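Understanding the architecture of this molecule
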Amino acid sequence: MQALLEYNHVSIRYRENRAGVHSIKDWVTSFKNPFHTIPILHDISFQLMPGESLGILGPNGSGKSTLLRSIGGIIKPASGQIHCRASIAPILALGAGLELELTGFENIQLLLALNGIKPTQTAIQAIQAFSELDDVTLNHTVKCYSTGMLARLAFSISFYHDSDIYIIDEVLAVGDLGFQTKCIARIRELQQVGKSIIFVSHAPDEVAQFCEKALLLDHGKIIAQGPSSTICQQYKAMFL
Amino acid sequence: MQHLHQLYALTKRNVIVRYKHSVLGFLWGFLKPLIYLLIFIVIFSAQFSSVNNYVLYATSGILFWFFFSNITAQGIQSIIGSAGILKSIRIPSLLFPLAEVGSELFNLALALVVYFILMQFFGMVYTFQLLWIIPILLIFTLFTFSITLLLAALNVYLRDVGILWNTIQPAIFYLTPIAYTEELIPARFSFIIKANPIYYFIKLFRAPLYHSTAPDFKLFLLCGSFSVGLLLVSLFIFNRLKNQFITAI
């Protein structure tokens, strides 16, 4: 069986402006290139087989978000190869892709269209039903939403996509108990029909619950990968 | 094909967001040039009593200047302003400045309809020559898009570009014979005007709109090839810079 997603020695680097301020003055006066390359991910190799779920653990700043963005094809690797033979649902983690000046409904339409899905009435209704946000709320501009409401909207849009891989980034951290339960049920459902899940969380018990495999990131490197129960123990041990 | 749908969605977003919290909304698309026009009439028209139909003369410049200035000013911020979307959805970054062109074309079309009706009172002659506006607008749009691409890409890395552009825009405006006639410029300074590409485009637009004639065909071809050339250069530079956008926004 072929892997859905395969990383071979992938490294990702960012170009950072050390001058701090992005200005021509600093560039001219320092007489040197203000841009420095900083490595974010280093020599990342792993595989995701169809129907498999992978947990990603790691302390803040270890490169989890960058890894997710490279999986989504948003960031290109500086070296190594990424083979992706699957469609991937958009990562709308905590509402980052939402347009604050638009209403909830307008955001649903915009994001569906940007992801190549026709924003039909049925699609919008299905998303609204999952998010449990009422008409009044969805007619408000998104900038008035609480973090929990943003997450509800973003994940409902994300889940609506019919993809092979779903990337779930910290969904259970912000939603209330009702929405958490709903998301857990949805994740189980997706797993049962053979979809792959990439699950990012700071709660090792959740990772152990959903994923058979996990990898542990630290300072941009995979320091361990294997069965999720072992990796979760190792993650917990990092903070002892 | 999918990119066309994405472009349409972004253009629609721009149109909605721009006038979201304003009472007059769409009307601003032609109120802004109208206010400028009134200022010019008050300040300059006595000065230019020799210019036939001064209102029509100024309008035929102002409308297209605002088209250029709105697209560049908004387009320059379009990539850094869409950081959220760019970080969560795989989408060509080129679409963001392009969507600014789309929404401004929409605005210009509305404004043109209004001014076409209004200008009959100021001596505009309705002839088939007016159809020249379409090809001229096409090459002017290419030119405007090329400039916007360059500025938007550079602005991702050096935010000075955006500030600098907003600062020098009024200078470019006054260095283009929009409110005044080019005869006003002393011969020894005329090279400044002649070095300004927008001058030539305004000249092209004025032929059908103000003089009711076809534009100078040679000038049209020259402007057209210049725009295409500039677009190729801009696309080349944009493509070189775009891979690191995500890390800098």
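Residues numbered from 1 in each chain as written. Chains lettered and ligands numbered in written order. Predicted model: local features only at pLDDT ≥ 70, side-chain atom pairs only at ≥ 80, totals over all residues.

**Focus: the overall build of chain B**
When helices and strands are counted, chain B shows 11 helices and zero strands. Listing every helix and strand of chain B by position from the N terminus yields α-α-α-α-α-α-α-α-α-α-α. Over its C-alpha trace chain B gives a radius of gyration of 19 Å, about what one expects of a compact globule, namely 18 Å for 249 residues. Reported as C-alpha extents along the three principal axes, the dimensions of chain B are approximately 55 × 45 × 35 Å. A burial count over chain B gives 42% of its 249 residues as buried. (Helix = DSSP H or I, 4+ residues; strand = E, 2+ residues; numbered from the N terminus. Rg over C-alpha atoms; globule rule 2.2 N^0.38 Å. Buried ≥ 20, exposed ≤ 12 C-beta atoms within 10 Å, placed from the backbone.)

**Focus: the interface of chain B and chain A**
Contacts between chain B and chain A engage 24 residues on the former and 26 residues on the latter. For the side of chain B that touches chain A, the secondary-structure elements that each account for two or more residues are α1 (2-18), α4 (83-88) and α11 (245-248) of chain B. For the side of chain B that touches chain A, the leading source of residues is α1(B), giving seven residues. In terms of residue class, the side of chain B that touches chain A is made up of 10 nonpolar, eight polar and six charged. (Contact = placed C-beta atoms within 7 Å. Nonpolar A, V, L, I, M, F, W, Y, C, P; charged D, E, K, R; others polar.)

**Looking at the pairing of strand β3 (residues 53-57) of chain A**
Each regular strand carries side chains that alternate between the two faces of the sheet. All names here are of chain A. Counting buried positions along β3 yields five of five residues, so the element is predominantly enclosed. On β3, burial covers both faces: Ser53, Gly55 and Leu57 on one face and Leu54 and Ile56 on the other are all buried. Relative to strand β6 (residues 196-200), β3 is paired through four bridges, and the arrangement is parallel. Among the inter-strand pairings, leucine 54 is bridged to a residue of β6, identified as isoleucine 198. With four bridges connecting them, β3 and strand β7 (residues 213-218) associate as parallel partners. Across the sheet, the residue bridging to glycine 55 is alanine 214, located in β7. (Pairing = 2+ DSSP bridges.)

**Some words on the packing of helix α3 (residues 54-78) of chain B against helix α5 (residues 95-118) of chain B**
Residues and elements named next belong to chain B. Running from N to C, α3 and α5 cross one another at 155°; their axes reach a closest spacing of 9 Å. Comparing the axis directions of α3 and α5 gives the class roughly antiparallel. As for the relative orientation of α3 and α5, their crossing is right-handed in sense. Facing Thr59, Leu63, Phe67, Asn70, Ile71, Gln74, Gly75 and Ser78 of α3, the residues of α5 in contact are Phe96, Pro97, Glu100, Val101, Glu104, Leu108, Ala111 and Tyr115. Its residues assigned to classes, the contact of α3 with α5 shows nine nonpolar, five polar and two charged. (Axes fitted to C-alpha atoms, helices over the stretch in contact; angles between N-to-C directions. Parallel < 35°, antiparallel > 145°, perpendicular 65-115°, else oblique. Left-handed = near helix turned anticlockwise from the far one by under 90°.)

**With respect to the sheet that holds strand β8 (residues 221-227) of chain A**
All names here are of chain A. Judged by pairing direction, the sheet is mixed, and its five strands sit side by side in the order β5-β6-β3-β7-β8 without closing on themselves. The outermost strands of the open sheet, each flanked by one partner alone, are β5 (165-169) and β8. Mean inter-strand twist for the sheet, computed between neighbouring axes without regard to direction, equals 15°. In the packing of helix α10 (residues 228-238) onto the sheet, the strands contacted are β3, β7 and β8, and the crossing angle to β8 comes to about 140°.

**Some words on helix α2 (residues 64-71) of chain A**
All names here are of chain A. Where burial is concerned, most of α2 is hidden: seven out of the eight residues are buried. Within the sequence span of α2, burial applies to Lys64, Thr66, Leu67, Leu68, Arg69, Ser70 and Ile71. Immediately downstream of α2, the backbone of glycine 73 shows phi near 80°, a positive value.

**Topic: the nonpolar core**
Core analysis: the largest hydrophobic core is formed by 134 residues, its most contacted members being A:Ile167, A:Ile168, A:Ile198, A:Ala214, B:Phe64 and B:Phe201. No other element matches the 17 residues that helix α6 (residues 133-157) of chain B contributes to this core. If we skip the residues at most four places from it in the chain, B:Phe64 touches B:Phe140, B:Phe201, B:Ile202 and B:Phe205. (Core = buried A, V, L, I, M, F, W, Y, C linked by C-beta atoms within 7 Å.)

**Looking at unusual backbone geometry**
Not every positive phi belongs to a glycine, and A:His9 is a case in point at roughly 50°. One non-glycine residue with positive phi stands out, namely A:Asp43, at about 50°.

**Structural notes on helix α6 (residues 147-160) of chain A**
Residue and element names in this part refer to chain A. If you check α6, its first and last C-alpha atoms are 20 Å apart, about what 14 residues at 1.5 Å a residue would give, namely 20 Å. A large share of α6 lies buried, amounting to 12 of its 14 residues. Buried residues along α6 sit against α3 (104-114), α4 (121-131), α5 (135-138), α7 (171-174) and α8 (177-192). (Expected span 1.5 Å × (residues − 1).)

**Notes on the packing of helix α2 (residues 28-44) of chain B against α3(B)**
All names here are of chain B. Where α2 contacts α3, the two axes come as close as 10 Å, and the packing angle between them is 140°. Judged on the interaxial angle alone, α3 and α2 are oblique. For α2 against α3, the interelement crossing comes out right-handed. Taking contact as the criterion, the partners of Lys32, Pro33, Tyr36, Leu37, Phe40 and Ile41 in α2 are, on α3, Val55, Ala58, Thr59, Ile62, Leu63 and Phe66.

**Points about the environment of B:Leu235**
With respect to the secondary-structure elements, B:Leu235 resides in helix α10 (residues 217-241). The class for B:Leu235 is partly exposed, based on 15 C-beta atoms found within 10 Å.

**With respect to the confidence of the model for chain B**
The pLDDT averaged across chain B works out to 89; a share of 100% of its residues lies at or above 70. Scored as a whole, the predicted complex attains pTM 0.87, and scored at its interfaces, ipTM 0.81. (pLDDT = per-residue confidence, 0-100.)

**Points about the pairing of β8(A)**
Residues and elements named next belong to chain A. Bridge count between β7 and β8: six bridges; the pairing is antiparallel. Note that in β8 the partner of alanine 214 across the bridge is glycine 226. Counted along the chain from β7 to the antiparallel partner β8, the turn is two residues long, and its residue histidine 219 has a positive phi close to 50°.

**Topic: the environment of B:Val51**
All names here are of chain B. Within the secondary structure layout, valine 51 lies in the loop between α2 and α3. Distance from valine 51 to threonine 72, taken between C-alpha atoms, is 30 Å for residues 21 residues apart in sequence. The residues touching valine 51, leaving out its near neighbours within four places in the chain, are Tyr57 and Thr181.

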